[in-house]
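# Working through the structure, step by step
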Amino acid sequence: MKKATITSLIAAIVGGIYLETFFPTILIIFYLLSNRFKSSFLYLFSAYLFIFGYFFNPMDFSTTLIIFLIIIPNLLVLFDLIIETKYEFNKIDVFVILCLIFGIFYSEIYIFGIVLLLIKRLNKFLNKKIIMVIIPLITSLLIGIRYTDILTQNLIYRILVLTGLGIILYSIYSFLNENREIK
Amino acid sequence: MKKQDFLAYVSILLFLEGYLLVNILPTLFGIAILSYLLILKLSFDPDFEIEVETSDLDFVETETFEIILKIKNNSKYPLNFKIKPNNDNFSWECVSNIISPKNTGKIPIYLKSKSKGSFLIQNISLIISDAFGIFEKTFEIGKSLNINVYPSNESIIKGIQTNKNTKLGKETLSSSKSGQRTSEFDYLRDYNLGDQFKHIDWKSSLKSGRLISKEFLKETEGEINVLVDVSSNFLKDFEGGILKTDYVSILTFQIILYIIKNHRSVNILFFDDSGLVDIQTNIKSKESLKKCIKDKLTPKKGIPYTSELNTGFFEKTAFFEILKPFLKKSPEKCLSLVNIIKSKSTAIIITDISRYKELIRLNGELCKKNSKLYVVSPNPYLFGIKKLTEEEIPKIYHKYVQREKNILKLNKLCPTVDVSPNDLADQIIGEFK
């Protein structure tokens, strides 16, 4: 078990507790068996995502809260388990863990902690300029969606709008991949 | 499937799940995964410098040697570097290494040669992936290495043994010299490694300028058995080529006649894929030999099966392994001949080398009985193939090379000769005169 990656696991579990689900505790098994099922980890994790979506429906919570409490922590777990290098465990991690634990009482502290963790993780591995463009873009888009009338009316509309956004992202991704193949 | 494609498909399925279950969670998961892929894709632009470090490029075949690649990562994020093996003459052991941005790292490549010779490794390819192993690119370093691999002492000794067995096989074929050496001088021949020094004829050696050994007459202690393959596959002829079956019958007749002359009696065992077909013991005269092999070696219809007999159905189907004992015909049935051959005897088998796995087992079984095995194999390719197209030539060449390798393998165990229509022509004609 990699010591440094516990932060993401704690974030996922605490986030789950805040949204009244203990489903992310299953991730402990992934951590324990990460070395044994390294080759089939992606399959198992995608199965986890599908099952999570089947059993847990956070209808009563806002989209922003779901993103910060469930989506980002689970994605960080995915990062941690497929990355081939080890993260360094330092003081910031301790601070983040404290923020996450106190987040059970105040969600704002939790969100602060998870944003800090996300920045820490992505800082080392990704092109900063792109993060500076894409993350604010997606966040502003989500906030925009959050406050439109369409979304507040019906859940299915909300899903359809988000799926549309996903399809745009997929198209961009496919376009970039095709470019690579031609080269 | 690549990791990137898998994650993209998963996100699409998550969108579908979100829509069908009226749940926002899977949809958000899908968007998060796609965003992550997109960011990673845009960030992935490897920039590096490479230097190849090698000390010496001359090695012995059993030796594992190391080539070190010194790589400087000029990108702003860590990259995983791995070498892509591109030469089949070596077994590659590549270690992947993650190099941090602006740092220099070393990647060792451990190479072990599969064969001897001088090899050129052209354009070493480097696979570069991100730290998550999701996106990767292959680059050619553009440097070539010329590596000389010398034979090891062990392989030289093995080679000498093989060479000796090949010579011995040929001698056995021409004069059937098997059995125990007597003190009666027979003739002079070239020195073979392993011959006793006291048998070197120094006078002849000085005259000829090379080592000459004395060969003594030999007496056979045990029985001599000639095992003749009469399976339909072995007795097929190529259309338009020289008739292999006729040659096999002449060869069989010739060998047995020699043995009768030198050792008085011989046992002939005819076998096919179903096991023993016929046995003729104590053949002592030319007439009885003629009677014995009459109508046994007749050409069969069809084209010879030139690749290994064991491949395909026989080897790949695990189910066949269960069925083997109940089948009438199976390649291993020829092993039943071992029970008939007495201990401390000599066996000469005339069959195709494509049975080499069974021959190895047969030799092993006979060795347990203190018996010797000599293999005579008519090479079907040397008997002519009528239709040769450009596409078939490389295939036939590869099969021929494989056959030669099998002969070498067999020669390490027992004397084996591959014969063509031209072999033994003089002896055969002389005998018929």
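Under an unreviewed UniProt entry, chain B has the name DUF58 domain-containing protein and belongs to Methanococcus maripaludis.

## A short note on the overall build of chain B
Assigned secondary structure in chain B consists of 11 helices and 19 strands. For chain B, the residues scored as buried account for 47% of the 433 residues in total. A fraction of 69% describes how many contacts in chain B between residues 6 or more apart in sequence connect residues 24 or more apart. Accessible area for chain B stands at about 22200 Å²; split by element, carbon and sulfur atoms hold 52% of it.

## A look at the side chain of Arg403 of chain B
Residues and elements named next belong to chain B. With respect to the helices and strands, Arg403 occurs in helix H10 (residues 392-411). Polar side-chain contacts of Arg403 include one of 3.4 Å to the side chain of Asp352. For Arg403, the side chain forms a polar contact with the side chain of Ser377, separated by 2.9 Å. Those residues in contact with Arg403, other than ones at most four positions away along the chain, are Asp352, Ile353, Ser377, Pro378, Asn379, Pro380, Tyr381 and Asp418.

## Considerations on the interface of chain A and chain B
With 50 residues of chain A at the interface, the matching set in chain B holds 49 residues. Carbon and sulfur atoms make up 79% of the surface buried where chain A meets chain B, a total of about 4800 Å² over both sides. Where chain A meets chain B, there are zero salt bridges. Where chain A touches chain B, the interface holds four residue pairs in polar contact (both at pLDDT 80 or more). For the side of chain A that touches chain B, the secondary structure elements donating two or more residues are helix H3 (41-55), helix H4 (63-82), helix H6 (107-125), helix H7 (128-146) and helix H9 (155-182) of chain A. Counting residues per element, the side of chain A that touches chain B draws most heavily on H9 of chain A, at 17 residues.

## Let's talk about the packing of aromatic side chains
Residue and element names in this part refer to chain A. Going through the model one piece at a time under the given rule, you end up with 20 aromatic pairs over all chains. With a centroid separation of 5.5 Å and 40° between ring planes, the pair formed by Phe41 and Phe45 is classed as tilted. With Phe41 and Phe45 both in helix H3 and four residues apart, this pair spans about one turn of that helix. Using a relative accessible area of 6% as the deciding quantity, one classes Phe41 as buried.

## Focus: the sheet that holds strand E10 (residues 136-140) of chain B
Residue and element names in this part refer to chain B. What the four strands build is an open sheet, ordered E6-E4-E9-E10; its pairing is antiparallel. The open sheet is flanked by strand E6 (97-99) and E10, the only strands paired with a single partner. With direction set aside, neighbouring strand axes in the sheet form an average angle of 30°. In this sheet, E6 lies alongside strand E4 (residues 79-84) in antiparallel orientation, the contact comprising three bridges. Across the sheet, Leu79 pairs through a bridge with Ile99, a residue of E6.

## Concerning H4 of chain A
Residues and elements named next belong to chain A. End to end, H4 covers 27 Å across 20 residues, agreeing with the expected 28 Å (1.5 Å per residue, within 8%). At Ile71, H4 shows its largest bend, some 30°, and a proline, Pro73, comes one to four positions later. Most of H4 is tucked away: 19 of the 20 residues are buried.

## Let's talk about the UniProt feature "transmembrane region" (unreviewed entry) in chain B
As recorded in UniProt, the feature "transmembrane region" (unreviewed entry) lies at residues 6-39 of chain B. The span residues 6-39 of chain B shows a helical share of 91% and a strand share of 0%, and its end C-alpha atoms are spaced 16 Å apart.

## Let's talk about the pattern of salt bridges
A side chain of one charge can pair with a side chain of the opposite charge if their charged atoms are brought near each other. Going through the model one piece at a time under the given rule, you end up with four salt bridges over all chains. Its salt-bridge partner being Asp93 of chain A, residue Lys120 of chain A comes within 3.0 Å of it at the nearest N-O pair. Here the residue Lys120 of chain A occupies a position in helix H6, and Asp93 of chain A occupies one in helix H5 (residues 91-102), the gap between them amounting to 27 residues. For Lys120 of chain A, a relative accessible area of 19% corresponds to the buried category. The salt bridge involving Asp190 of chain B is made with Arg210 of chain B; its shortest N-O contact spans 2.7 Å. With Asp190 of chain B in strand E12 (residues 180-190) and Arg210 of chain B in the loop between helix H4 (202-208) and strand E13 (212-219), the pair connects residues that are 20 residues apart, well separated along the chain.

## Examining the packing of H3 of chain A against helix H2 (residues 24-43) of chain B
Close contact between H3 of chain A and H2 of chain B brings their axes to 8 Å; oriented N to C, the two are set at 150°. When the interaxial angle is binned, H3 of chain A and H2 of chain B end up roughly antiparallel. On H2 of chain B, the residues that touch Leu49, Phe52 and Gly53 of chain A of H3 of chain A are Leu25, Pro26, Phe29 and Ile33 of chain B. Of the residues belonging to the contact of H3 of chain A with H2 of chain B, the class tally is six nonpolar, one polar and no charged.

## Here's the deal with the state of the cysteines
Residues and elements named next belong to chain B. Counting across every chain of the model gives zero disulfides over all chains. No disulfide involves Cys367; its nearest neighbouring cysteine sulfur is the one of Cys414, lying 8.0 Å away. By relative accessible area, which is 44% here, Cys367 ends up partly exposed. Residue Cys414 is classed as buried on the basis of its relative accessible area of 1%.

## A look at the packing of H4 of chain A against H2 of chain B
At a minimum axis separation of 10 Å, H4 of chain A and H2 of chain B run at an interaxial angle of 50°. Comparing their axes, H2 of chain B and H4 of chain A come out oblique. The two elements H4 of chain A and H2 of chain B meet at a crossing, and its hand is right-handed. Within the contact between the two elements, H4 of chain A uses Thr63, Ile66, Ile67, Ile70, Ile71, Asn74, Leu75, Leu78, Phe79 and Ile82 of chain A and H2 of chain B uses Ile24, Leu25, Leu28, Phe29, Ala32, Ile33 and Tyr36 of chain B. Here the residues of the contact of H4 of chain A with H2 of chain B sort into 15 nonpolar, two polar and no charged.

## Some words on H2 of chain B
Taking 1.5 Å per residue as the helical rise, H2 of chain B with its 20 residues ought to reach 28 Å, and the 28 Å between its terminal C-alpha atoms agrees with that figure. Of the residues flanking the start of H2 of chain B, the one acting as N-cap is Asn23 of chain B, its side-chain oxygen 3.0 Å from the backbone nitrogen of Leu25 of chain B.

## Concerning the sheet that holds strand E15 (residues 266-272) of chain B
Residue and element names in this part refer to chain B. Strand order in this open sheet of six strands is E16-E15-E14-E17-E18-E19, and the pairing throughout is mixed. Of all strands in the sheet, those with a lone pairing partner are strand E16 (275-283) and strand E19 (416-419), marking the two edges. Put simply, the sheet's adjacent strands are angled 15° from each other on average, direction ignored. Two strands pair when backbone bridges link them, and strand E18 (residues 372-378) and E19 are joined in this way by four bridges, in the parallel orientation. By the bridge assignment, Val375 is partnered in E19 with Thr416. Taken strand by strand, helix H9 (residues 356-368) contacts strand E17 (346-350) and E18, and its axis lies near 160° from that of E18. Where H10 meets the sheet, it contacts E18 and E19, and its direction lies at approximately 150° from that of E19.

Rules used in this analysis
Starting from 1, residues in each chain are numbered consecutively following that chain's sequence as written. As a convention, the first chain written is A and the first ligand written is 1, with the rest following in written order. Residue-level local features of this predicted model are given only where pLDDT is at least 70; pairs of side-chain atoms are given and counted only at 80 or more, and the full residue set underlies all totals for whole chains, interfaces and linings. The basis for every side-chain value is the complete set of non-hydrogen atoms in the structure, without hydrogens or water. Counting from the N terminus, the helices are DSSP H or I runs at least four residues long and the strands are E runs at least two residues long. Relative accessible area decides the class of each residue, using a 1.4 Å probe on protein chains only: under 20% of the type maximum gives buried, over 50% gives exposed, and in between gives partly exposed. Contact criterion: two residues are considered in contact whenever any of their non-hydrogen atoms come within 4.5 Å of each other. All accessible-area figures derive from a Shrake-Rupley calculation using a 1.4 Å probe, and residue coverage is judged against the displayed protein chains alone. Under the rule applied, a polar contact is a pair of N or O atoms within 3.5 Å (in protein, one hydrogen donor and one hydrogen acceptor; residues adjacent in sequence only if both atoms are side-chain atoms). As a working definition, buried area equals the accessible area (1.4 Å probe) given up by two parts on being put together, with both sides summed. Whenever a carboxyl oxygen of Asp or Glu lies within 4 Å of a side-chain nitrogen of Lys or Arg, that contact is scored as a salt bridge. Aromatic rings from Phe, Tyr and Trp, with only the six-membered ring used for Trp, were paired whenever their centres fell within 6.5 Å, and each pair was classed as stacked if the ring planes differed by under 30 degrees, edge-to-face if by over 60, and tilted otherwise. Note: two strands are recorded as paired if DSSP finds a minimum of 2 bridges between them. Each axis is a line fitted through C-alpha atoms, taken for helices only over the stretch in contact, and angles between the N-to-C directions span 0 to 180 degrees. One less than the residue count of a helix, multiplied by 1.5 Å, gives the span that helix is expected to have. Note that bend, as reported per residue, equals the angle between axes fitted to the 7 residues terminating at that residue and the 7 residues originating from it. UniProt positions are given in the numbering used here, feature names are shortened, and annotations may be inferred rather than shown by experiment. Roughly parallel means an angle under 35 degrees; roughly antiparallel means over 145; roughly perpendicular covers 65 to 115; every other angle is labelled oblique. Each residue is assigned to one of three groups, with Ala, Val, Leu, Ile, Met, Phe, Trp, Tyr, Cys and Pro labelled nonpolar, Asp, Glu, Lys and Arg labelled charged, and all others, Gly among them, labelled polar. By disulfide we mean two sulfur atoms from cysteines, separated by a distance within 2.5 Å. In a left-handed crossing the near helix is turned counterclockwise from the far helix by less than a right angle, and in a right-handed crossing that turn is clockwise.

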